[in-house]
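Each chain, written out:
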Amino acid sequence: MFYKVFFWVFIIGRILLFIFPTTDATDKNFFKRSDLELHTDYGTGNQYLSTWTGFLVPRLDKNGKQMNIYTEDNNAR
């Protein structure tokens, strides 16, 4: 019974994410998505980008330094 409930919750969640996708700081707008996910390590403040395949890379600012939420100059846009 647990596996059936888990399966249907997982399927319904995936369908809702497909119908109503969310946007993050890496997207230009709702219709121009980057297909990247933004992750923040709250211990260090460093930010990383991941792809749907699982690759994880540091998010860099315009000067080539890693983005950090705890610093003042974190405006890469």
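The model shown is predicted, which means the values in this text are computed figures rather than measured ones.

1. Thoughts on the overall build of the protein
Reasoning step 1: The secondary structure content of the protein amounts to one helix and three strands.
Reasoning step 2: The 77 residues of the protein split such that 14% are buried.
Reasoning step 3: Residue pairs at least 24 apart in sequence account for 14% of intrachain contacts in the protein once pairs closer than 6 positions are excluded.
Reasoning step 4: When the accessible surface of the protein is split by element, carbon and sulfur atoms take 64% of a total near 6,700 Å².

2. Points about the packing of aromatic side chains
Reasoning step 1: This model, assessed by the stated rule, comprises one aromatic pair.
Reasoning step 2: Their ring planes at 75° and their centres at 5.2 Å tell us that F7 and W8 sit as a pair that is edge-to-face.
Reasoning step 3: The class of F7 is partly exposed, set by a relative accessible area of 42%.
Reasoning step 4: By relative accessible area, which is 51% here, W8 ends up exposed.

3. Digging into the pairing of strand β1 (residues 37–40)
Reasoning step 1: Examined bridge by bridge, β1 and strand β2 (residues 47–50) share four bridges and lie antiparallel to one another. Within β2, the residue paired with L38 across the bridge is L49.
Reasoning step 2: Where β1 hands over to β2, the hairpin turn is made up of six residues, of which G45 adopts a positive phi near 90°.

Scoring rules and cut-offs
- Residues numbered from 1 in each chain as written.
- Predicted model: local features only at pLDDT ≥ 70, side-chain atom pairs only at ≥ 80, totals over all residues.
- Heavy atoms only, no water.
- Helix = DSSP H or I, 4+ residues; strand = E, 2+ residues; numbered from the N terminus.
- Buried < 20%, exposed > 50% of the residue type's maximum accessible area, 1.4 Å probe, protein only.
- Contact = heavy atoms within 4.5 Å.
- Areas by Shrake-Rupley, 256 points an atom, 1.4 Å probe, with all protein chains shown as cover.
- Phe/Tyr/Trp six-rings, centres within 6.5 Å; stacked < 30°, edge-to-face > 60°.
- Pairing = 2+ DSSP bridges.

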